[in-house]
Amino acid sequence: MAMTRVRFAPSPTGFFHIGSARTALFNWLYARHSGGSFILRIEDTDAARNTEQALTVLIDGMRWLGLDWDEGPESGGEYGPYFQSERRAIHDAYIDRLREVDRIYEKDGALWFRLEGERHTVYDDFRKKEVEKVRSAPIVIEDAVRGRVEKELDEDFVIVRASGDPVFHFVNVVDDITMGITHVIRGEDHLSNTPKHAALFDALGAPRPVFAHIPLILKSDGPGKMSKRDRGALIEEYQRRHFLPAAVRNYLCLLGWSPKDDREKMAPEELIERFDLDGINRGNARFDEQKLVHLNGAYLRELPLETYAWMARPVLHDAGIVDDETPEDDVQSVLEICRGKVNLLEDLPGYADYFFRDDYAFDSAAEKRVFKKGDPLADLERVYRTLEKLDDFSAESLERTFAGLAESAGVKPFAYFPVTRFAVSGRAGGPDFYAMLRVLGKERTLGRIRRVLKERKGS
Ligand code: GLU
């Protein structure tokens, strides 16, 4: 069997939409799965929309997602050029071929593709004029995802506009033929174009590729398809928000494809091994940010601490929480105890800022809860006096100390947690209590408790 050749053929618009990224990914996975080639072809014939910057967004996004292409811009290949705008001579040669087989004619300055079939003239109520209809055999497509699709084409169509520009359908097909594409995996929005494409392949005497139209991605709420204005619709957003590319890639796989056992988190090798066209769903996929956020958290927690810190540090830095002087050990010991609770790097500054600054905010809802009943300040004072005498601030020693304190007061140790946590962090939740005190250390813990006691009791 011929070697699999698939392509991702974006028209650069300045955005890398999640739907396009998913199309790129499915093509990439299929190429890697079948040991074939993945080709990046830039469909840049609409000059008005195609800028250097638009291309950069796309290429950066592809690289970020780890979707390397075997042929295309920058990597080259034997089937180039890989910019559609540079393939004009090839397109012209294929116009000539159509002319040779008498499937092309000129009308109103444009070049038309002639369908085969029985012709007759009818009055078109909508356009208010007589038009030629063709009674042609239905075009039948065995789509690898949609199954059998049948459509009767009934009108010739333009392939080169009066302006001299060839239309999308024609150049798309010619490029697929001349690049030896074996499988066209693309969004379902192109399904309606496919009969025209099939007719062109047939007329040019080229074997049709296998078509696989992948389902749309619907926005998280409501019936519509994700548009670039929806949150989460652009790959740039995930890059900016410090998502892990591996998590985004894993999530994109699940948008319209699923392995038979419904597993979700899968390593790249496993995805490559299991990905196949028959696992692509027919039904539309729905974008679910929570699922992506959870996957991101799972991927984050798997990183070695050093790697995690290397990724987190710039995020903390940009939030003004650490600077170049902050010792790496300090950063790592905070991250070590916080990472289990944080699914997104962008949430870290808000979660862990009080480890790095003394002017942390006091949450008023937490405050209300803490001071609702009993005498929390008296408890806090007791904690203070006990910790003052403690030199070993390891988690075990702290645990023992709170156990002793609680026992002598006839309460449970966690009775002391809320007010203590509130005093040293300004909030109600956070990492493990003893780990938090250990990382803050004796001096800061006592300093913060003393400050709260002083402000509240004036003592
Ligand atoms: N340039 C087209 C697009 O971005 C390509 C369609 C196709 O994959 O054939 O939608």
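These figures come from a predicted structure and were not determined experimentally. (Residues numbered from 1 in each chain as written. Predicted model: local features only at pLDDT ≥ 70, side-chain atom pairs only at ≥ 80, totals over all residues. Heavy atoms only, no water.)

Draft legend 1. The site of the ligand, seen in detail. Every residue close to the ligand is listed here: Arg7, Ala9, Pro10, Ser11, Glu43, Phe168, Asn172, Arg186 and His190. Take alanine 9: an N or O atom from its main chain is 2.8 Å from a nitrogen atom of the ligand. At 2.6 Å from an oxygen atom of the ligand is found a side-chain nitrogen or oxygen belonging to histidine 190. Of the pockets mapped on this structure, the ligand occupies the largest pocket. (Near = heavy atom within 4 Å. Polar contact = N/O pair within 3.5 Å; in protein donor to acceptor, adjacent residues only side chain to side chain. 1 Å grid on protein atoms, 1.4 Å probe; cavity = no way out; pocket = protein on both sides within 12 Å on 5 of 7 lines; lining within 4 Å. Sits in = over half its atoms within 2 Å of the grid points.)

Draft legend 2. Representation of the sheet that holds strand 3 (residues 104-107) within the structure. Strand order across the open sheet formed by 3 strands is 3-4-9, with antiparallel pairing between neighbours. In this open sheet, the two strands that pair with only one neighbour each are strand 3 and strand 9 (157-160). The sheet shows a mean angle of 45° between the axes of neighbouring strands, taken without regard to direction. Pairing geometry for strand 3 and strand 4 (residues 110-113), over 4 bridges, is antiparallel. (Pairing = 2+ DSSP bridges. Helix = DSSP H or I, 4+ residues; strand = E, 2+ residues; numbered from the N terminus. Axes fitted to C-alpha atoms, helices over the stretch in contact; angles between N-to-C directions.)

Draft legend 3. Focus on a negative patch on the surface. On the surface, a cluster of negative charge is contributed by Asp392, Glu396, Glu399 and Asp432. Structurally, glutamate 399 is set in helix 15 (residues 395-409). (Patch = residues over 30% accessible without salt bridge, like charges linked within 9 Å, V, L, I, M, F, W, Y side chains within 5 Å. Areas by Shrake-Rupley, 256 points an atom, 1.4 Å probe, with all protein chains shown as cover. Salt bridge = Lys/Arg side-chain N within 4 Å of Asp/Glu carboxyl O. Lys, Arg positive; Asp, Glu negative; His and termini not counted. Charge placed at Lys NZ, Arg CZ, Asp CG, Glu CD.)

Draft legend 4. Representation of the pairing of strand 1 (residues 5-8) within the structure. On strand 1, burial covers both faces: Arg5 and Arg7 on one face and Val6 and Phe8 on the other are all buried. As paired strands, strand 1 and strand 2 (residues 37-40) are joined by 4 bridges and run parallel to one another. What sits directly across from arginine 5, in strand 2, is serine 37. For the handedness criterion, the β-α-β arrangement of strand 1, helix 1 (residues 18-34) and strand 2 is classed as right-handed. (Buried < 20%, exposed > 50% of the residue type's maximum accessible area, 1.4 Å probe, protein only. Right-handed = clockwise from strand over helix to strand, strands pointing away.)

Draft legend 5. A look at the pattern of salt bridges. Applying the stated criterion across every chain yields a total of 43 salt bridges. Here arginine 41 makes a salt bridge to glutamate 43, at a shortest N to O gap of 2.8 Å. Each member of the pair, arginine 41 as well as glutamate 43, carries the same accessibility label: buried. A salt bridge links aspartate 353 to arginine 427; its shortest N-O distance comes to 2.9 Å. Of this pair, aspartate 353 sits in the loop between helix 12 (348-352) and helix 13 (364-370) while arginine 427 sits in the loop between helix 16 (417-425) and helix 17 (433-457), and the two are 74 residues apart along the sequence.

Draft legend 6. Quick peek at the packing of aromatic side chains. On inspection of all chains with the given rule, the structure shows 20 aromatic pairs. Taking 5.3 Å as the distance between ring centres and 85° as the angle between the ring planes, the aromatic pair formed by phenylalanine 402 and phenylalanine 433 counts as edge-to-face. On the criterion of sequence distance, the pair formed by phenylalanine 402 in helix 15 and phenylalanine 433 in helix 17 is long-range, its members being 31 residues apart. Of the two residues, phenylalanine 402 and phenylalanine 433, neither departs from the other in class, the shared state being buried. Aromatic ring contacts, followed pair by pair, group Tyr354, Phe355, Tyr360, Phe362, Phe371 and Phe422 into a single cluster. The side chain of arginine 22 reaches across the aromatic face of phenylalanine 26, ending 5.5 Å from its centre. Sitting above the plane of the tyrosine 94 ring, arginine 97 keeps its charged end 4.5 Å from the centroid. (Phe/Tyr/Trp six-rings, centres within 6.5 Å; stacked < 30°, edge-to-face > 60°. Lys NZ or Arg CZ within 6 Å of the ring centre and 35° of its normal.)

Draft legend 7. Spotlight on the layout of surface pockets. Approximately 1100 Å³ is the volume attributed to the largest pocket. As for the largest pocket, its lining consists of 46 residues, of which Ala9, Pro10, Ser11, Ser20 and His190 are closest to the centre. Secondary structure elements with two or more residues in the lining of the largest pocket: strand 1, helix 1, helix 3 (88-100), helix 4 (168-178) and strand 10 (183-187). A per-element tally of the lining of the largest pocket places helix 1 first, with 5 residues. Residue composition of the lining of the largest pocket, by class: 17 nonpolar, 14 polar and 15 charged. Each pocket or cavity is described by its volume, and for the second largest pocket that value is around 320 Å³. Together, 13 residues line the second largest pocket, and Arg369, Val370, Lys373, Ala415 and Pro418 are the ones closest to its centre. Elements with a contribution of two residues or more to the lining of the second largest pocket: helix 13, helix 14 (376-388) and helix 16. (Points joined across faces, edges and corners; volume = space filled by probe spheres on them. Nonpolar A, V, L, I, M, F, W, Y, C, P; charged D, E, K, R; others polar.)

Draft legend 8. Up close: the packing of helix 11 (residues 328-338) against helix 17. Direction vectors running N to C along helix 11 and helix 17 enclose 175°, while the axes themselves pass 10 Å from each other. For the element pair helix 11 / helix 17, the angle class is roughly antiparallel. Side by side, helix 11 and helix 17 meet where Ser333, Val334 and Ile337 of the first sit next to Ala435, Met436, Arg438 and Val439 of the second. Here the residues of the contact of helix 11 with helix 17 sort into 5 nonpolar, 1 polar and 1 charged. (Parallel < 35°, antiparallel > 145°, perpendicular 65-115°, else oblique. Contact = heavy atoms within 4.5 Å.)

Draft legend 9. Examining unusual backbone geometry more closely. The residue after glycine 80, namely proline 81, is reached through a cis peptide bond having omega -5°. For proline 81, the position within the fold is in the loop between helix 2 (52-64) and helix 3. In this structure, lysine 128 is a non-glycine residue whose phi angle is positive, near 55°. For lysine 128, the position within the fold is in the loop between strand 5 (118-124) and strand 6 (129-135).

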